[in-house]
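What the coordinates show
Each chain, letter by letter, is given below.
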Amino acid sequence: MPTKINKVAVIGTGVIGAGWIIRCLAHNKIVYAYDKDIKLKKNLIAEIKRTWPYVKKLFNKKKLNLKNFKYFTSIEETLRDADLIQECASENYALKTKLMSTIGKYAKPNAIISSSSSGLLPTKIYSKCINPQRTMIGHPFNPVYLLPAVEIVPGKKTLKKYLNKAKKFYKSISMNPIMVKHELPGYLSDRLQEALWREGLHIIKEGHATTEDLDRAIEDGPGLRWSLMGTFLTFHLAGGKSGMKHMLEQFGPALKLPWTKLKAPKLSNKLINRLVEGTKKQSKGKSVVQISNIRDDYLVELQKLRKKYEKKLR
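Residues numbered from 1 in each chain as written. Predicted model: local features only at pLDDT ≥ 70, side-chain atom pairs only at ≥ 80, totals over all residues. Heavy atoms only, no water.

**Overview of the packing of aromatic side chains**
Taken as a whole and judged by the stated rule, the model has 3 aromatic pairs. On the basis of an interplanar angle of 40 degrees and a centroid distance of 5.6 Å, the ring pair of Trp20 and Tyr170 is categorised as tilted. Here Tyr170 lies in helix α6 (residues 160–172) and Trp20 lies in helix α1 (residues 15–26), a separation of 150 residues in the sequence. The exposure class assigned to Tyr170 is buried, which follows from its relative accessible area of 0%. (Phe/Tyr/Trp six-rings, centres within 6.5 Å; stacked < 30°, edge-to-face > 60°. Helix = DSSP H or I, 4+ residues; strand = E, 2+ residues; numbered from the N terminus. Buried < 20%, exposed > 50% of the residue type's maximum accessible area, 1.4 Å probe, protein only.)

**Re the sheet that holds strand β6 (residues 135–140)**
Pairing is mixed in the open sheet, where 8 strands are placed in the order β3-β2-β1-β4-β5-β6-β7-β8. One side of each edge strand has no neighbouring strand; the edge strands of this open sheet are β3 (69–72) and β8 (176–179). Across the sheet, the mean angle from the axis of one strand to that of its neighbour is 25 degrees, orientation sign disregarded. For strand β5 (residues 112–115) and β6, the ladder comprises 3 bridges, and the chain directions are parallel. Paired with Ser115 across the two strands is Ile137, which belongs to β6. Strands in contact with α6 are β1 (7–11), β4 (84–87), β5, β6, β7 (149–154) and β8; relative to β7, the strand with the most contacts, it is inclined by about 170 degrees. (Pairing = 2+ DSSP bridges. Axes fitted to C-alpha atoms, helices over the stretch in contact; angles between N-to-C directions. Contact = heavy atoms within 4.5 Å.)

**Regarding the pattern of salt bridges**
Under the criterion given, the structure shown has 11 salt bridges. Two residues, Lys108 and Asp83, come together in a salt bridge whose shortest N-O distance is 2.9 Å. Of the two residues, Lys108 sits in the loop between α4 (93–106) and β5 while Asp83 sits in the loop between α3 (75–79) and β4, which places them 25 residues apart along the sequence. Taking the shortest distance from any N to any O, the salt bridge between Lys96 and Glu91 comes out at 3.9 Å. A single network of salt bridges, built from pairs that share partners, joins Glu47, Arg50, Arg295 and Asp296. (Salt bridge = Lys/Arg side-chain N within 4 Å of Asp/Glu carboxyl O.)

**Here's the deal with unusual backbone geometry**
The omega torsion across Asn142 and Pro143 is 5 degrees, close enough to zero to call that bond cis. Structurally, the position occupied by Pro143 is in the loop between β6 and β7. Here Ser174, not a glycine, exhibits a phi torsion of approximately 60 degrees, which is positive. Position of Ser174 relative to the elements: it lies in the loop between α6 and β8.

**As for the packing of helix α8 (residues 211–219) against helix α12 (residues 269–283)**
Direction vectors running N to C along α8 and α12 enclose 65 degrees, while the axes themselves pass 8 Å from each other. Here Thr211, Glu212 and Asp215 of α8 come into contact with α12, specifically with Arg274, Leu275, Gly278, Thr279 and Gln282. The residue inventory of the contact of α8 with α12, partitioned by class, reads 1 nonpolar, 4 polar and 3 charged. (Nonpolar A, V, L, I, M, F, W, Y, C, P; charged D, E, K, R; others polar.)

The following block contains the structure:
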């Protein structure tokens, strides 16, 4: 196993794959990108150039070095020299299991293999992969090139030395790894997001609010606090001088009240239309790219501001 990971292979160049490529290039890694169609290279280069002003600002980079970037349509060539492989294929067990078998076949003997899956179990994904001891989940968050969170999830056969190596690598590209203790569907963050999402679907289905109402309820309230501290520390502060203890004494009984419905509603055409029309209205005629640029500018400024206060808490 290499002492330092410098050569990274990214399998798949969609939104997540592109994000990994951009982030790695910003940290002077040599990146080998793979996709089946050479025509996709043009789209990837365009996305790298679109995002670079934000990446440059966040990571204090002077210029983009595309000499460290190579694009392949052969998976064997892509994997030949890679120290770490970041797979970014669609969320599908059959597809990923087959792909991981191929990756295991062509990867270097000690290369780390990491999947960007959002909730699939690593033991199942890597069930046909050679040497599953070096495999894991490395689940990032979109936009990958700006957000620092990555959930590292081990399979049942993953060795700790590879987890530690992966943790060091992700830290080397300015990420904050979350070491998930055991594999579980959805991991941590997506389970939390999913609960919020399902509750929102119920509220919209029952006509209590629009998609914009619910987004504003988070944006202007909990979301601003969550940027600096999570739910538990926030609730700890809600308890006053006695902290979480008093908070639980005061608000704990509310857990018995029927405030939420965690079982997901059926995605009927009526509900789908409400979601689509609601978010279309929120977009106010702006394209996805325009909204992405606005979001990226905000996230850069927010993270720079947050650093001043993080030091006082962490």
